Amino acid sequence: MLRTRLPLSLCYIPPRNHQTIPSLLSNSQPYPRPPTVCKNASSTTEQQFDPSFTKPKQPPISAYIHLPFCRKRCHYCDFPIVALGSSSSQVGYDNDPRISNYIQLLIREIKATKFESDIQQPLETVFFGGGTPSLVSPYLIASVLDVLKFKFGLSNEPEISIEMDPGTFDDIRLREILELGVNRVSLGVQSFQEELLQVCGRAHGLKEVYEAIEMVSSCEGLENWSMDLISSLPHQTEKMWEESLKCTVDAGPKHVSVYDLQVEQGTKFEQLYTPGVFPLPTDVQSADFYKMASKTLTEAGYNHYEISSYAKDTYQCKHNMMYWQNKSFYGFGLGSASYTNGIRFSRPKRLKEYIEWVQKLEVGTVSYGTSDVEVKDMAMDVVMLSLRTARGLHLKEFGKEFGWQLASKLCEAFRPFVDRGLVVPLDQDRRVLSSDEFELGKGERTYFIRLSDPEGFLLSNELISVAFGVI
């Protein structure tokens, strides 16, 4: 799994290509790499915010559950996981005490969690991520769902998602998981080339990929399923990527997530490769992969609703949309993050420290950090998350929350990029405004600004950094 998956992290990864902001205005700009998640920036100018601003107190209506178990660690992965080793069958880990002990610890954490608002609402989305959650026995997953229902309640029609990897489940296991109320499956295919799966250190091969697709796509009662792909892999060619996209479209998932490889510190890929240097693709090739995905999937009827996400009508991932809309959420489990009362905090990434953290939580000695969150940090979160989506930043709402002066300055900063077609202004009816029609700040016409697809999305890190500089 890759860095763009929240809420294990919400971090800024500075633009690591040779692109600079001045070059965005030139006529011969170099290609950027596809975007990653952004968070931080600095500015020498202190922005004055609306003094009437109050921190939102919305109760969380979503929960992310981290199940960290994998058969082995993939070569690109820096997530907190527990590698179980090989097993002769999909159900070979069902009696593994490492899994059952962790589930009991996870349940203890959920039970010890305090409500973050006087007004409680039932959970509308639950997401089991990992790791490889499909390695966990359905009866253990049921025990987690039971405690969530008891503690928080579930809405009448919740979206309950689970990540599953090829080779870790059969028809029986899939049906058992769906009988628990799980109604959305995210299949971690990553590639349709045997050699690339081996290069990545994936525990499954191409045979297991097709077997998993057949089981998921033909499973009665499961209509909402997604597929994950990774671009910019070592030795990956344009022909290979084109084939993976075609196979994905042919498989017919309702949702597709396309992630650009990031070479993370501490991974095997970091030991072996340098970004932009063969056998990794160049920045130009990575940008071409991103454009090819956008074109292929859009032509196949998928809506590019977020930088890395494509969905058929009505099949956007509700859980992920909650992140992009900057709503509060619970995170439970090793290394996971929560966002409650305007505060983001993470659990320890090492199992021993996580065990100690849960013990402190149970006796009430866990500190979630300061409640004195700076308004500018909240404004940056809203900008960063909004500009990752096709909906874009709602200027009217932003101006009301953080001040019309700041909204106006953002528009001024983005004006050159409107002229270049990288930033798109929209009116109340989401009609695209021309550069001449683009009005500043709280003007009557401009209600939204979004990044163009794919060129603006490709430059999202740099464009979001422009906004952070204003804030």
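From a predicted model like this one, the values you see are computed outputs, not experimental measurements. (Residues numbered from 1 in each chain as written. Predicted model: local features only at pLDDT ≥ 70, side-chain atom pairs only at ≥ 80, totals over all residues. Heavy atoms only, no water.)

Enquirer: Which residues make up the pairing of strand β6 (residues 184-190), and what values go with them?
Expert: Of all seven residues in β6, seven are buried, a share of seventy percent or more. What you see with β6 is no split at all: Arg184, Ser186, Gly188 and Gln190 on one side and Val185, Leu187 and Val189 on the other are buried throughout. As judged from the four bridges shared by strand β5 (residues 154-164) and β6, these two strands associate in the parallel manner. Opposite Met164, over in β6, you have Leu187 as the bridge partner. (Buried < 20%, exposed > 50% of the residue type's maximum accessible area, 1.4 Å probe, protein only. Helix = DSSP H or I, 4+ residues; strand = E, 2+ residues; numbered from the N terminus. Pairing = 2+ DSSP bridges.)

Enquirer: Which residues make up the packing of aromatic side chains, and what are the values?
Expert: Tallied over the full model, the rule gives 14 aromatic pairs. With a centroid separation of 6.4 Å and 55° between ring planes, the pair formed by Tyr76 and Phe269 is classed as tilted. A residue pair is termed long-range when its members are at least 10 positions apart, and Tyr76 in the loop between β2 (69-70) and β3 (82-83) and Phe269 in helix α7 (residues 268-272) qualify at 193 residues. By relative accessible area, which is 2% here, Tyr76 ends up buried. (Phe/Tyr/Trp six-rings, centres within 6.5 Å; stacked < 30°, edge-to-face > 60°.)

Enquirer: Got a sec to walk through the sheet that holds strand β11 (residues 330-332)? Specific residues and values, please.
Expert: The mixed open sheet is built from nine strands, whose spatial order is β9-β10-β8-β7-β6-β5-β4-β1-β11. In this open sheet, the two edge strands, each paired with only one partner strand, are β9 (303-306) and β11. For this sheet, the mean inter-axis angle between neighbouring strands, taken without regard to orientation, is 20°. Of the strand pairs in this sheet, β9 and strand β10 (residues 309-311) are connected by two bridges, and their pairing is antiparallel. Bridging across to β10, Asn303 finds its partner in Ala311. Across the sheet, helix α6 (residues 238-251) is in contact with β7 (225-231) and β8 (255-260); its angle to β7 comes to roughly 180°. (Axes fitted to C-alpha atoms, helices over the stretch in contact; angles between N-to-C directions. Contact = heavy atoms within 4.5 Å.)

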